[in-house]
Amino acid sequence: MSLSELSHRPYPFAIMQEKMDALERLELNFKWGRYGIRVLKWHLTTFKPGQLIKFHKHSEFEFHFIPRGKGSVTLIDQTYKLGSGMFYLTGPGVVHQQTADARSGMDELCLHVDITPLPGNLLSEEWGAEWENRESEACIQALNGFPLRPFMDQHDAMASFLQAYMAWRSGELGAYTTIRQSLIQILIRAAKATVDPNGQQLLPARDIQAHRFEMALQYMHANYASPLTLQEVADRIQISVRQLQRIFNKFGIESFSSYLEAFRLQRICEDLVETSNTVEAIAISHGFMNSNYLFQVFKRQKGLTPLAYRLKHTRKTDERPNPQP
């Protein structure tokens, strides 16, 4: 059943709110081609207007489909608008942040799935396995190289969420097979966003400098609270310090240390306003040796002390009018 066929209903996914974690309670581990597929999360969730999911990352693939509402997503350091009918994929280790629209909020059909190449001793060429092996391999390759930007769900992957849920709800003979196939369809239909109308996978040549820049930023954003050096980041992406510095300069970062300091201060400002943690605790948790050093840097960059910043911006938040129902 396609999304277009469901469009006459008020909101087809509302039924999934009956038991939002139903699918992820199932023990869904299975072999697909030469890969092991393990479901970690699979549900519908609702984000309140203005709700922010701060920068984070996962060790598995996370599919984010938006069936209703709107918002935005920041993938590493690029921000994109999200709307009904769109989706994006964050692969293992990709740092991302999501914000729901301040007025409408946003729903998300979320799937976390661990995809693991199987060791040779678990593989066998069963009868008819050749085509499944080929298809799963092409799909996983597409997901591994999936562009870091949202796409329209033009292949109706979202409908497979509802199909799986309805199969669970019925409990009839064949429900497991339907659920398994629904999951595979989500993977395939998402991957098809990267292929052309003739079914050929689009494999644009990668801008290697842009890729290395993204990898460097990803590593810095994920590890900014620890003592980081330019050498460590360069080693991580397997290039020389001089090459990395040239890449930073090309993309507008003149100084590694200045960028890292600014990123730390950005996170510190968020904690000063959104938490009641002490300045000492905030300083240490965000990579400063102590609050005295943070005080010096903060005063130089922001023109006021951390406590003064907290007081100023907390007052602004308190004085903000409550939204009308």
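Everything below is about the structure shown above.
Residues numbered from 1 in each chain as written. Predicted model: local features only at pLDDT ≥ 70, side-chain atom pairs only at ≥ 80, totals over all residues. Heavy atoms only, no water.

Points about the nonpolar core
Basically, it comes down to this: Think of a nonpolar core as a cluster: buried Ala, Val, Leu, Ile, Met, Phe, Trp, Tyr and Cys residues, connected wherever their side-chain atoms sit within 4.5 Å. Any residue under 20% of the maximum accessible area for its type is buried, any over 50% is exposed, and the rest in between are partly exposed; the area is computed with a 1.4 Å probe on protein chains only. The way it works is that DSSP assigns letters per residue, a run of H or I at least four long becomes a helix, a run of E at least two long becomes a strand, and they are numbered from the N terminus. Contacts between residues were defined by any pair of non-hydrogen atoms, one from each residue, lying within 4.5 Å.
The biggest cluster of nonpolar side chains holds 45 residues, and the ones touching the most others in it are W32, I37, W42, F63, F65, L111 and L143. Sort the elements by how many residues they give to this core and helix 4 (residues 175–191) lands first, with 9 residues. If we skip the residues at most four places from it in the chain, L143 touches F61, F63, L89, I115, L187 and A191. With 21 residues, the next largest nonpolar core counts Y219, M220, L230 and I237 among its residues.

Re the packing of aromatic side chains
Rules: Paired rings are identified among Phe, Tyr and Trp, the last through its six-membered ring, by centres lying within 6.5 Å, and are further divided according to the angle between planes into stacked (under 30 degrees), edge-to-face (over 60) and tilted (the rest). A ring has a charge above it when a Lys NZ or an Arg CZ is no more than 6 Å from the ring centre and no more than 35 degrees off the ring normal.
The full count for this structure, using the stated rule, is 14 aromatic pairs. Centre to centre, the rings of F146 and F151 are 5.2 Å apart; their planes meet at 65°, and the pair counts as edge-to-face. The exposure class of F151 is buried, given its relative accessible area of 9%. Note on Y165 and W168: the rings are 5.3 Å apart at their centroids and 45° apart in plane angle, and the pair reads as tilted. With Y165 and W168 both in helix 3 (residues 157–170) and 3 residues apart, the pair spans about one turn of that helix. Residue Y165 is classed as buried on the basis of its relative accessible area of 1%. The exposure class of W168 is partly exposed, given its relative accessible area of 27%. An aromatic cluster of at least three residues, connected via ring pairs, comprises W42, F65, F87, F146, F151 and F161. Above the plane of the ring of Y11 lies R68, whose end atom (NZ or CZ) is 3.7 Å from the centre. If you follow R134 out to its NZ or CZ, it ends over the ring of W131, 4.6 Å from the centre.

Observations concerning the pairing of strand 4 (residues 61–66)
Quick note on the threshold: Whether two strands pair depends on DSSP finding at least two bridges between them.
Of all 6 residues in strand 4, 6 are buried; the element is thus mostly enclosed. Neither face of strand 4 is left uncovered, since the one carrying F61, F63 and F65 and the one carrying E62, H64 and I66 both have all their residues buried. Pairing geometry for strand 4 and strand 9 (residues 106–117), over 5 bridges, is antiparallel. By the bridge assignment for strand 9, F63 is matched with L111.

Digging into the side chain of Q218
Mapping Q218 onto the fold places it in helix 5 (residues 208–223). On the basis of relative accessibility, which here comes to 13%, the residue Q218 falls in the buried class. Beyond its immediate stretch of four places on either side in the chain, Q218 contacts I76, G93, V94 and V95.

Points about the environment of L111
Along the chain, the position of L111 falls in strand 9. Classification of L111 by relative accessible area gives buried; the value is 0%. L111 sits 46 residues away from F65 along the chain, and the two C-alpha atoms are 8.6 Å apart. Those residues in contact with L111, other than ones at most four positions away along the chain, are V39, K41, W42, F61, E62, F63, F161, L183 and I186.

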